[in-house]
Every structure is written in structure tokens, then in C-alpha cells.
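Close look at the chain arrangement
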Amino acid sequence: MGKIFVSYRQKGTFMRAGRIADALVNQCGEQNVFQDKASLFGGANWKEQIEDAIRECTVFVAVIGPEWTEHKNADGSRRLDDLDDYVRFEVATALQREIGIIPVQVDGAGRLREEQLPEPMKNLAYIEPMRIDDKAWHEGISTLLKAIKKFDLDPKRIGWKNITSLVSSTIGLFALSPDVVPQAAALVGIVSGGVALFLGIGSYIENKEGAPSARNWAIGAIIFAALVFLVGVDGLIPDEYF
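Attention here is on the structure that accompanies the text.

Rules used in this analysis
Here the residue index of a chain counts from 1 through its sequence in written order. Totals for whole chains, interfaces and linings use every residue, but because this is a predicted model, local features are given only for residues with pLDDT of at least 70 and side-chain atom pairs only at 80 or more, for both listing and counting. Side-chain calculation: all heavy atoms of the structure are included, whereas hydrogens and water are not. What counts as a salt bridge is simple: a side-chain nitrogen of Lys or Arg found within 4 Å of a carboxyl oxygen of Asp or Glu. The helix count covers DSSP runs of H or I at least four residues long, the strand count covers runs of E at least two residues long, and both are numbered beginning at the N terminus. Working definition: with a 1.4 Å probe on protein chains only, accessible area under 20% of the residue-type maximum means buried, over 50% means exposed, and in between means partly exposed. Under the rule applied, a polar contact is a pair of N or O atoms within 3.5 Å (in protein, one hydrogen donor and one hydrogen acceptor; residues adjacent in sequence only if both atoms are side-chain atoms). Think of a 1 Å grid over just the protein atoms. A cavity is a set of points where a 1.4 Å probe fits yet cannot get out, a pocket is an open set with protein on both sides within 12 Å along at least five of seven lines, and lining residues have an atom within 4 Å of a point. Grid points are joined across faces, edges and corners, and a volume is the space filled by probe spheres set on the points.

What about the pattern of salt bridges?
Throughout the structure, instances matching the rule amount to 12 salt bridges. The closest approach of N and O atoms between Lys3 and Glu56, which form a salt bridge, is 3.4 Å. Of this pair, Lys3 sits in strand S1 (residues 3–7) while Glu56 sits in helix H2 (residues 46–56), placing them 53 residues apart in sequence. On the accessibility criterion, Lys3 (32% relative accessible area) is partly exposed. The salt bridge involving Lys47 is made with Asp84; its shortest N-O contact spans 3.4 Å. Of the two residues, Lys47 is situated in helix H2 and Asp84 in the loop between strand S3 (57–64) and helix H3 (86–97); the sequence distance between them amounts to 37 residues. Each of Arg16, Arg19, Asp107 and Asp134 takes part in a single network of salt bridges with overlapping partners.

Section: the side chain of Ser7
With respect to the element layout, Ser7 can be found in strand S1. Separated by 2.6 Å, the side chains of Ser7 and Glu90 make a polar contact.

What to know about the environment of Val231
The residue Val231 is located in helix H7 (residues 212–236) in this model. On the accessibility criterion, Val231 (43% relative accessible area) is partly exposed.

What to know about empty space enclosed by the protein
Counted according to the given criterion, the structure contains one cavity of 30 Å³ or more. The calculated volume of the largest cavity comes to roughly 60 Å³. In terms of lining, the largest cavity is formed by Ile64, Pro103, Gln105, Arg111, Leu112, Leu124, Ala125, Ile127 and Pro129.

Below, the structure written as C-alpha cells:
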């Protein structure tokens, strides 16, 4: 499980962001969720700590309320235009590092427009947001977790289902290797190929929208398993039927 950074504006989205972070902690573990200012400790350089946290994260969740772009400093200037604004720094850093970003709209917030955002944040306007409403909170959290899972998939991983599928197919292939295949060996080939096929298809379904390496391995595992299964079926059918 990769780490998740939850970014929010304390004024306006503090409660909603806290609920979202709590839900993520329950599902992903406290050690895997960095909750913006709530995870900072006294005496630390906040820019360095936030930058380090984003570097370790695979997913950045930006909680956006109705006034997210319009919050003001004491002098009346817009906070997003302040170079030292922590939300601006977080979003700009996440965009620069090209990690998975999920804008989450709460309290009826509208879609962001490019002209609302300072230059380092403009690309945030082109990332498809999701909405979490109080009336459908659990459904929204479930959707968010699914989105996080897609970003969290390691693009280079193979996956245990693919490995197990290949091992099962290899066992079946060895059982079917003699020139004359006994009926028991043919059954081993069919069972091994069938199990491998089931695992390969399951892996492909899990990874078809995520990890490309695991998806490609799954395709190979499915082809290998299907061949072993068919050879096993062929070995089980008496020659006089051909």
C-alpha cells in the first residue's frame, strides 16, 4: 500500500477532510495517511516536511470546498496568490512530481476553472474531480477508495495471481510431458490449467485499468493456462474419437 496525502483548507473543509482522512486511516492504516497540517509536528520546517511527505506518497487527495479558491489573508489578498500559502505549495508540488491526484469536491463545491488558479496550479483544473456528499457519504468514500487503488497499483509489479497461475500451468505441463499421457496425468493437466486460467482471468480483471506489467503478465498466463488445459483435455479423450 502506497501512502496517501490529504490536502485541505482548514477554514471551510476541516471537518469534511477530517472525516475523509479518518475513513482512509480505517481502510489503509494510520501510517499510510498524511493529513496535511494535522500530521506536522512542532519545530519542523513545514515546507520540507510537506515536500518529503508528498515525495513518499503515490496518491494526493485534494479536498475542495465552495470557497477553496477565494479564501483571503488578513490583508484581503487571495491566499492562493500567496507564494507561502501551504495549499498552493502542496498542490503545486504534487503536480510537479506527477503523482496521482484526486480532487474531491465537498459541500457543493463547483468544478475548478483554469483562470481561478495561479500558474503552478493551473493543471489541477483539467483533472477530473469526484464529489462526496453528506447524503451519500459511504458511497462517496467507497468510490474514492477505488480511485486510490487504481493509482496505487505498482506499474512494474507482477502480482501473486499471475505467479500462482504460471506455477500451476507449469505443474500441469510437466504432468502432460510424456509421449503417452496417462488418464491421471491428463486430469492433473486439466485441473492445473483450469486453476491457472481462473487466476489469470482474475488478475487481468483486477489490473486492466491499472498496472500494465501485471496486465500483460495476466494475458500471458491466460494463454499458457488455456494451452495446458486443452492439452489435458486432448490427453483425456481416447484416440479412436479422432
